[in-house]
Structures are given as C-alpha cells and as structure tokens.
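One letter stands for each residue in the lines below.
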Amino acid sequence: MKVLVIGSGGREHAIVKKIALSPKVDKIFSAPGNAGIAKDAVCLDIAVNDFEQLADFAVKEEIDLTIVGPDDPLVAGIVDVFESRGLRVFGPKKNAAIIEGSKVFSKELMKKYNIPTAQYQTFDDPKEAVNYLKTCKYPIVLKADGLALGKGVLICNDFNEAAEGVRSIMEDRKFGAAGNRLVIEEYMTGREVSVLAFCDGSHIKPMTSAQDHKRAKDGDQGLNTGGMGTFSPSPFYSKEIDEFCRKNIYQPTIDAMKAEGRDFVGILFVGLMLTEEGPKVLEYNARFGDPEAQVVLPRLKNDLVELCEACIDGRLNDVELEFEENAAVCVILASEGYPEHYEKGFPITGLEKFDNQKDYFLYHAGTKLQGPDIVTNGGRVLGVTAIGKDLREARSRAYEACDWVCFPGKYYRKDIGKAISDL
Ligand code: AMP
Ligand code: GLY
C-alpha cells in the first residue's frame, strides 16, 4: 500500500513511524512532513490546507490511504474533498469534525444527549455575555467558539477579568472569527485525562489513557501551549471510570453524532475532567492529540493501518484493540521563548543516538533539513519518548534521553509525569 500522512508535527511523525511497521505498507508520503519524517517518508512541498493539490497528488500517485493529522484541514473539510475524488481517507468529514470546530455545537450536543459536561450558556452578543457574567460564581471559564490554536479558553477569577476576556474575544477578535460566539461555562476541578478513540461511525474503541501538560513552565506555570509533555497511562483513570465513560460518554457521543446525521469516522479525542461528581467532558477533538499520540501509539500493539481501514469500512467491532502493559513518557524539547517569541534555524546534534533504540523514540516536530544539517524550525522542536515497565522507569529514561540531543536555546519542562511517578 501507499499511504499519505498529512501534517508536519510530532503527532504525524508518531503516525508515520507506526505505519512504517505495518507489513501492508510499501511506501509512505507526507505533506509537508519534517526532517524526521523524511527518514521514513517522501516529503511533499504541499501545504495542509491546499486540498486540491493534495488530492491531485493522491490521485496521480494512486495513494491507497490518506491519514489526516491536524485539526484545521479536518474542520475545513479535507475528507469531503478526498472522498469526492474517490480517495480513501481516514478522518471525520466536515459535518462531524465540527465537534472540535465549534464549542457551541459540542456543548449543545452534550446537553441534548445528556452527556456529562460543565453547565454553560452561549452568547453572540458581548453585552449580553457581560450582563450574564454579573450573575456568575467565580472562577468562570470563557471559550471562543472556533479553533484558536488551543488558546481560546480563558479561566477568569473575577468579574473584571471575565469582562475583559469577553472584550478581547468578541470585540478585539483576539482569535479572529473563532470569537464570533462565546461559551461561558462552569469551572470544574479534578484530574484531567485525555482518551483517544477509534470510531467507525457506529462503534467506538477507546485507547489507553494519557495526560498532557499544557502550560509552558514547571509547576503548571506560564502560558498555555500545544502541550509540553505527556504520559500514558493515567493512574487516575481506573477501570470503574473507564466503564462509566464507555457507557455515559463515548458510545453516547457516537450515537448522538449518528442521530444528528453526522457519523463520526476517525479519532475522537475526549478531554475529561475527573470531578467529584464523576467524569465530565472538557472538550472534544476530532484527531489524535499532539503530544498524546507520542505516548499512546508506541504502546499500541495493533497495526495502525488495519485500524484505520476498519474504521473507514465500518467494521471496527471486529477488531480487538491491544496495548502493551507498560508506560510511556514524552518530554517536548522546545525553543526558548515558546509559545511567544523564539528563534529558529539552529543546528541540532546528537540525533543519531536514538537510532536502533528499542525503548526510546525521537519524534521530530519543528525541524527541517538545511544542507547537510537538521535545524530547528518551530516552537516545539522534538518529542523525546521513552517506554518503561512503569511510569517511574519511563520518566527517568525520557529525561536521560533529553540530554542526548543539543541545540542552542533548548528548553523543556523538568516535571513531566513527576507527580504521578512520585505516587
Ligand atoms: P480545552 O481547550 O477546552 O481543553 O481547554 C483548555 C484547558 O482549559 C483544559 O485542558 C483545562 O485545563 C481548562 N479548562 C477548560 N474548561 C474548563 C472548565 N470548565 N473548568 C476548568 N478548567 C477548564
Ligand atoms: N495536546 C492537546 C491537543 O492535541 O489538543
């Protein structure tokens, strides 16, 4: 088979490395890919939002399967374009990817189908939103409706902060059109867990759990980022919680989407808050998480290509998902200054130390080839994942391997998975 992977981050590198293990796969392409992906795939100079050129390539090259990594092309309808050209593609159509693309849509879906989530109100008029804020308990959470690079959520401690938040999202349009509508929701407390699941429109098979660390600095300080590190599994995601979520959240979500005529095929990412009243949905995403994929996929025993095909063909129920009985930790090596201002173009050394390692994986994110060198090319540069028999071993291995690679301005959190491995 020939497979095309769309995207250029650590998540896509994890997908490429996993499918490279499949006996079904002969050749991998990636658009646009990065310097690490280029080792396993032919990288194409086509942007993720250039659907026509991507589809032209897939037709010409007779690609058997396309896997879409990032949210933007999914929400904008890349799957519909590919299917209209007769191409096989893994991911939700536009009318299903809206579960990530619109927070108003996802909240209304959960309300209509009794899926546990925070209480909320939606607004399209900033004055009404501010009036409502006068009646609220604090802290309170503001969410821009649309995609905002993971930054459209503000947790506000008092009325003044919240009113300022409404102004920045709805009037100053800090996140552009994503702020046309606003969700104001109840603040929840508890442990956060991410569960990613394969879906074929009717059935849903959840994978092992993971937890992200979204803030830039140790101790969950600093700005929100795309994710600075992950571990899997989460020791807080017990068997009982999993059973509750399967019955009350995962299957009901897929059933709800089907009932709305929006069959969800692809990866559903459920962000959960484990509250005292039970698990509640924080958010849905319509794709693999980044860097959740970097700890979940190395633990997956199944052939990823087979799973994608089972989802597309609506026969996920015939498949048994299996994970290794171990743990994984991923630490993101970022450019100093991320997620704000940082420099690019620095040479990276030590990459070869990861060659032929069994329990260590180096996932490229912001890297590119420059002459003979691999240089930094983004905020999140590399993801160092290590496997261990438990989280403690995985964590100490991941941190040991963080020293193997060097580049000027290398920055990483020192406390990924710390609280958990200290348990
Ligand atoms: P989201 O993009 O919706 O996952 O939100 C980003 C982060 O904001 C989450 O990972 C949580 O840490 C936090 N968050 C979102 N919604 C709530 C909520 N209702 N209560 C408390 N924290 C929240
Ligand atoms: N790591 C969070 C996300 O991919 O949305």
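Fair warning: this is a prediction, and the values are worked out from it, not measured in the lab.

Reading the values: the criteria
Residues numbered from 1 in each chain as written. Chains lettered and ligands numbered in written order. Predicted model: local features only at pLDDT ≥ 70, side-chain atom pairs only at ≥ 80, totals over all residues. Heavy atoms only, no water. 1 Å grid on protein atoms, 1.4 Å probe; cavity = no way out; pocket = protein on both sides within 12 Å on 5 of 7 lines; lining within 4 Å. Points joined across faces, edges and corners; volume = space filled by probe spheres on them. Helix = DSSP H or I, 4+ residues; strand = E, 2+ residues; numbered from the N terminus. Nonpolar A, V, L, I, M, F, W, Y, C, P; charged D, E, K, R; others polar. Phe/Tyr/Trp six-rings, centres within 6.5 Å; stacked < 30°, edge-to-face > 60°. Buried < 20%, exposed > 50% of the residue type's maximum accessible area, 1.4 Å probe, protein only. Lys NZ or Arg CZ within 6 Å of the ring centre and 35° of its normal. Pairing = 2+ DSSP bridges. Contact = heavy atoms within 4.5 Å.

All right, on to the layout of surface pockets then. By volume, the second largest pocket is sized at about 740 Å³. Around the second largest pocket, the lining comprises 31 residues; the ones closest to its centre are Lys-17, Gln-357, Tyr-360, Phe-361 and Leu-362. Residue assignment for the lining of the second largest pocket shows that the elements contributing at least two residues are helix H1 (10-20) and strand S18 (360-364). Residues belonging to the lining of the second largest pocket are distributed by class as follows: 15 nonpolar, six polar and ten charged.

This part is about the packing of aromatic side chains. Enumeration according to the criterion identifies nine aromatic pairs in this entry. Seen from their ring centres, Tyr-360 and Trp-404 are 4.9 Å apart, and the 40° between their planes marks the pair as tilted. One end of the pair, Tyr-360, is in strand S18; the other, Trp-404, is in the loop between helix H12 (391-402) and strand S22 (410-411), and 44 residues separate them in sequence. Of the two residues examined, Tyr-360 and Trp-404, each falls in the buried class. Measuring from centroid to centroid gives 6.1 Å for Tyr-399 and Tyr-412, while their planes differ by 35°, and the two rings are tilted. Of the two residues, Tyr-399 is situated in helix H12 and Tyr-412 in the loop between S22 and helix H13 (418-421); the sequence distance between them amounts to 13 residues. Taking relative accessible area as the criterion, Tyr-399 reaches 14% and is therefore assigned buried. Classification of Tyr-412 as buried rests on a relative accessible area of 11%. Grouping aromatic residues by their ring pairs yields a cluster made of Phe-90, Phe-198 and Phe-288. Positioned over the ring face of Tyr-412 is Lys-414, at 4.2 Å from the centre of the ring.

The side chains of a regular strand alternate between the sheet's two faces. The alternating pattern of strand S4 (residues 65-68) places Leu-65 and Ile-67 and Thr-66 and Val-68 on opposite faces, both of which are buried. In this structure, strand S1 (residues 2-7) lies alongside S4, joined through four bridges in parallel fashion. Pairing of Leu-4 across the sheet is with Thr-66, part of S4. Relative to strand S5 (residues 89-90), S4 is paired through two bridges, and the arrangement is parallel. The residue bridging Ile-67 from the neighbouring strand is Phe-90, located in S5.

Along the chain, Ser-234 turns up in the loop between strand S14 (229-232) and helix H9 (239-259). By relative accessible area, Ser-234 is classed as buried at 3%. Filtering out sequence-adjacent residues up to four positions away, Ser-234 remains in contact with Val-193 and Ser-209.

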